Amino acid sequence: MLADIISQVDSFVWGPVMLVLLVGTGIVLTIRCNFLTWRNLPWALKKTLSKEARTKSRGTGDVSPFSALTTALAATIGTGNIVGVATAMVSGGAGALVWMWISACFGLTSKFSECMLAIKYREVNEKGEMSGGPMYTMKKGLKNKKLGAVLGWLFALFAVIASFGIGNMTQSNSIATSIHSTFGISETLVGVVLTVLALLIIIGGIKTISKVSSVVVPVMAIFYVICGVIIIIGNISNVPAGIVMIFKMAFSVKAVGGALCGNIVASMMNAARYGVARGVFSNEAGMGSAAITAAAATTDNPVRQGYINMTGTFWDTIVVCTITGLAIASSGMLGQIDPATGEMYVGSALTIAAFSTVLGKIGGYLVTIGIALFAFSTILGWEYHGEKAFEYLFGTHKYNMVYRIVFSLIVFVGATQTLDIVWNFSDIANALMAIPNLICMLLMSGEIAKDVKEFQKVIEAEKAAEKARK
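Rules and cut-offs
Residues numbered from 1 in each chain as written. Predicted model: local features only at pLDDT ≥ 70, side-chain atom pairs only at ≥ 80, totals over all residues. Heavy atoms only, no water. Helix = DSSP H or I, 4+ residues; strand = E, 2+ residues; numbered from the N terminus. Rg over C-alpha atoms; globule rule 2.2 N^0.38 Å. Buried < 20%, exposed > 50% of the residue type's maximum accessible area, 1.4 Å probe, protein only. Contact = heavy atoms within 4.5 Å. Areas by Shrake-Rupley, 256 points an atom, 1.4 Å probe, with all protein chains shown as cover. Lys, Arg positive; Asp, Glu negative; His and termini not counted. Charge placed at Lys NZ, Arg CZ, Asp CG, Glu CD. Phe/Tyr/Trp six-rings, centres within 6.5 Å; stacked < 30°, edge-to-face > 60°. Lys NZ or Arg CZ within 6 Å of the ring centre and 35° of its normal. 1 Å grid on protein atoms, 1.4 Å probe; cavity = no way out; pocket = protein on both sides within 12 Å on 5 of 7 lines; lining within 4 Å. Points joined across faces, edges and corners; volume = space filled by probe spheres on them. Nonpolar A, V, L, I, M, F, W, Y, C, P; charged D, E, K, R; others polar. Salt bridge = Lys/Arg side-chain N within 4 Å of Asp/Glu carboxyl O. Core = buried A, V, L, I, M, F, W, Y, C linked by side-chain atoms within 4.5 Å. Patch = residues over 30% accessible without salt bridge, like charges linked within 9 Å, V, L, I, M, F, W, Y side chains within 5 Å. Axes fitted to C-alpha atoms, helices over the stretch in contact; angles between N-to-C directions. Parallel < 35°, antiparallel > 145°, perpendicular 65-115°, else oblique. Expected span 1.5 Å × (residues − 1). Disulfide = S-S within 2.5 Å.

### Points about the overall build of the protein chain
In step 1: Scanning the protein chain from terminus to terminus reveals 20 helices and four strands.
In step 2: Here the C-alpha atoms of the protein chain give a radius of gyration of 21 Å, agreeing with the 23 Å that 2.2 N^0.38 yields for 470 residues.
In step 3: Looking at the protein chain as a whole, 57% of its 470 residues qualify as buried.
In step 4: Within the protein chain, residue pairs in contact and separated by at least 24 positions form 81% of the contacts whose partners lie at least 6 positions apart.
In step 5: For the protein chain, the exposed area adds up to about 18200 Å²; of that, 69% sits on carbon and sulfur atoms.
In step 6: Considering the protein chain, the positive charge centre built from 35 side chains and the negative charge centre built from 25 side chains are found 9 Å apart.

Here you go:
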């Protein structure tokens, strides 16, 4: 009974209204910013990969701009990129991938806005560490202080709940089940190892988490992209048909199938619904979570770091999700029946089947290792999100160590139990985090646009100086 109610609430909060609100906010912000976030994406990518981004030479903060981005990416590049893409393509057809790209394009501006505001309104706590995120933006930035205080408190509460569910238990469960099914290692043993590793890293706080993330995230993303490219090249003869099928299914009003779709038939509405939902779930643009980590960055201008953090949506959805989607579309495994279960391939099983078409058994191992690395880094990134929200609720950093220890121990619970109620409940909390954040960004859209246009002079000056040096 309770499970049914929670499941229905989950379907409602992630329904059309929520998806329209998420993408709609991105559209409004992109137009108000005069499309500067799109026009400056090449500049932002260049800055992200520069040597300067790895130093703390410009301004104040706890970690380097690159570390702030990789810690935020650690929380977003997760099972959504492997399992979520596969789920979207089964439920919404191959065209779901196009809608993932569309939502990511507008998600760029949402991600930029929430991160920029978080740095602008961050505070320094008693320990001398940065504390920021949408809850501080709401409290300090909104003109109506009462509304700001209520929205900030609600955001922080939902963020703490989501950190234990979506950021912890669902991730450790994915790791334990995939390792168990691929390598036959017991879930309990995996749970113990994960808990110990999490404790060792999390106890050190943001500096240790960011050190681990700035190494693990780029390495695992490059590793996964290379493997995915090998699959696409291995099935290169199917790639043109795969791309045609992706676009045909994305914009077809009537339900259509395709030669590479097996038993799957889907329409544009379905493709849009699942593509947008999984895209948002994967890159978390508009959720406000990445903004909490962005607030720890060393920077001289909130807009500069906003641009660097914005590239997270590009790396996550345009790069990593696309690789998974093309690997699946060109493999011919979409809509096929798994002989072991007699049912259609779904989730990680579909991605494993796609990778196995070229690499055989090794493909399965690589996807499992990918899931384990992606999901573990998500646990680390979300710990910091949850900790800062927890600190905000209590108004002090004194209980942070309690949160860190409890969070690490919950990893074991997630690895050894499958609790659908917990999954759905944390999914709801994740959606509810987004609502105060989106309201806040829409109310402050004028301020966001003004700051972006002012900073454009700095970008132009930097580009001119670079040209002169050449």
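### Some thoughts on the packing of aromatic side chains
In step 1: Applying the stated criterion across every chain, the model contains 19 aromatic pairs.
In step 2: Centroid distance Phe-112 to Tyr-307: 4.8 Å. Interplanar angle 40°. Geometry classified as tilted. Within this pair, whereas Phe-112 is found in helix 7 (residues 96–120), its partner Tyr-307 is found in helix 15 (residues 302–331), the two being separated by 195 residues in sequence. The same class applies to Phe-112 as to Tyr-307, namely buried.
In step 3: Among the aromatic residues, those joined into a ring-pair cluster are Phe-164, Phe-390, Phe-394, Tyr-399, Tyr-403 and Phe-407.
In step 4: Positioned above the aromatic ring of Phe-66 is the side chain of Arg-54, whose terminal nitrogen or guanidinium carbon lies 4.2 Å from the ring centre.
In step 5: The residue whose ring lies beneath Arg-273 is Tyr-274, and the NZ or CZ to ring-centre distance is 4.9 Å.

### Regarding empty space enclosed by the protein
In step 1: Applying the stated criterion across every chain yields a total of five cavities of 30 Å³ or more.
In step 2: Considering the residues around the largest cavity, the lining is formed by 14 residues, among which Glu-52, Arg-58, Pro-65, Arg-304 and Ile-308 are closest to the centre.
In step 3: Ranked by the residues each element gives to the lining of the largest cavity, the list is headed by helix 15, at three residues.
In step 4: Its volume calculated, the second largest cavity comes out at about 100 Å³.
In step 5: Ala-75, Thr-76, Gln-171, Phe-281 and Glu-284 are the residues nearest the centre of the second largest cavity, which is lined by 13 residues in total.
In step 6: Elements with a minimum of two residues in the lining of the second largest cavity: helix 5 (65–76), helix 6 (79–92), helix 9 (145–183), helix 13 (268–283) and helix 17 (361–394).
In step 7: Of the residues belonging to the lining of the second largest cavity, the class tally is four nonpolar, eight polar and one charged.

### Quick notes on the pattern of salt bridges
In step 1: Tallied over the full model, the rule gives 13 salt bridges.
In step 2: One salt bridge in this structure joins Lys-120 and Glu-447, with 2.8 Å as the shortest N-O distance. Here Glu-447 lies in helix 20 (residues 445–469) and Lys-120 lies in helix 7, a separation of 327 residues in the sequence.
In step 3: For Glu-391, the salt bridge goes to Lys-388, with nearest N and O atoms at 3.1 Å. In this pair, Glu-391 and Lys-388 both sit in helix 17, three residues apart, roughly one turn of the helix. The pair Glu-391 / Lys-388 is uniform in exposure class, with both members buried.

### Section: the nonpolar core
In step 1: The biggest cluster of nonpolar side chains holds 108 residues, and the ones touching the most others in it are Trp-14, Ile-175 and Tyr-307.
In step 2: By residue number, the principal contributor to this core is helix 9, which donates eleven residues.
In step 3: Beyond its immediate sequence surroundings of up to four residues, Trp-14 is in contact with Leu-19, Leu-22, Val-280, Met-287, Asp-427, Asn-430 and Ala-431.
In step 4: In this structure, Ile-77, Val-217, Leu-366 and Phe-374 belong to the second largest nonpolar core, which totals 21 residues.

### Examining a nonpolar patch on the surface
In step 1: Side chains of Phe-183, Ile-185, Leu-189, Val-193, Leu-197, Ile-362, Tyr-365, Ile-369 and Leu-373 sit close together on the surface and give an oily, nonpolar patch of about 740 Å² of accessible area.
In step 2: For the nonpolar patch, the secondary-structure elements that each account for two or more residues are helix 10 (187–202) and helix 17.
In step 3: With four residues, helix 17 is the largest single contributor of residues to the nonpolar patch.
In step 4: With respect to the helices and strands, the residue Ile-185 is situated in the loop between helix 9 and helix 10.

### A closer look at the packing of helix 6 against helix 7
In step 1: Following both chains from N to C, one finds helix 6 and helix 7 inclined at 125°, their axes separated by 9 Å at the closest point. Classed by the angle they form, the pair helix 6 and helix 7 counts as oblique. Facing Val-85, Ala-88, Met-89 and Gly-92 of helix 6, the residues of helix 7 in contact are Ala-96, Leu-97 and Met-100.
In step 2: Across the contact of helix 6 with helix 7, the residue classes tally to six nonpolar, one polar and no charged.

### A look at the environment of Tyr-274
In step 1: Assignment of secondary structure puts Tyr-274 in helix 13.
In step 2: Overall, Tyr-274 belongs to the partly exposed group, its relative accessible area being 24%.
In step 3: Tyr-274 has contacts with Ala-88, Ser-91 and Gly-92, leaving out every residue within four places of it along the chain.

### Describing helix 17
An α-helical turn contains 3.6 residues, so any two residues separated by three or four positions project in the same direction.
In step 1: End to end, helix 17 covers 50 Å across 34 residues, agreeing with the expected 50 Å (1.5 Å per residue, within 8%).
In step 2: At the exit of helix 17 stands Gly-395, carrying a positive phi of roughly 70°.

### Thoughts on helix 5
In step 1: When the terminal C-alpha atoms of helix 5 are compared, their 17 Å separation across twelve residues agrees well with the 16 Å that a helix rising 1.5 Å per residue should span.
In step 2: Of all twelve residues that make up helix 5, twelve are buried, and the element is covered over most of its length.
In step 3: Looking only at helix 5, the buried set comprises Pro-65, Phe-66, Ser-67, Ala-68, Leu-69, Thr-70, Thr-71, Ala-72, Leu-73, Ala-74, Ala-75 and Thr-76.

### Some words on the state of the cysteines
In step 1: Under the defined criterion, the tally for this structure stands at zero disulfides.
In step 2: Not engaged in a disulfide, the cysteine Cys-33 finds its nearest cysteine sulfur in Cys-115; these two sulfurs lie 13 Å apart.
In step 3: Looking at Cys-33, the relative accessible area reads 1%, which means it is buried.
In step 4: Of all cysteine sulfurs in the structure, the one in Cys-321 sits closest to Cys-105, which takes part in no disulfide; the separation is 13 Å.
In step 5: What makes Cys-105 partly exposed here is its relative accessible area of 31%.

Just distances and angles here, no functional claims.
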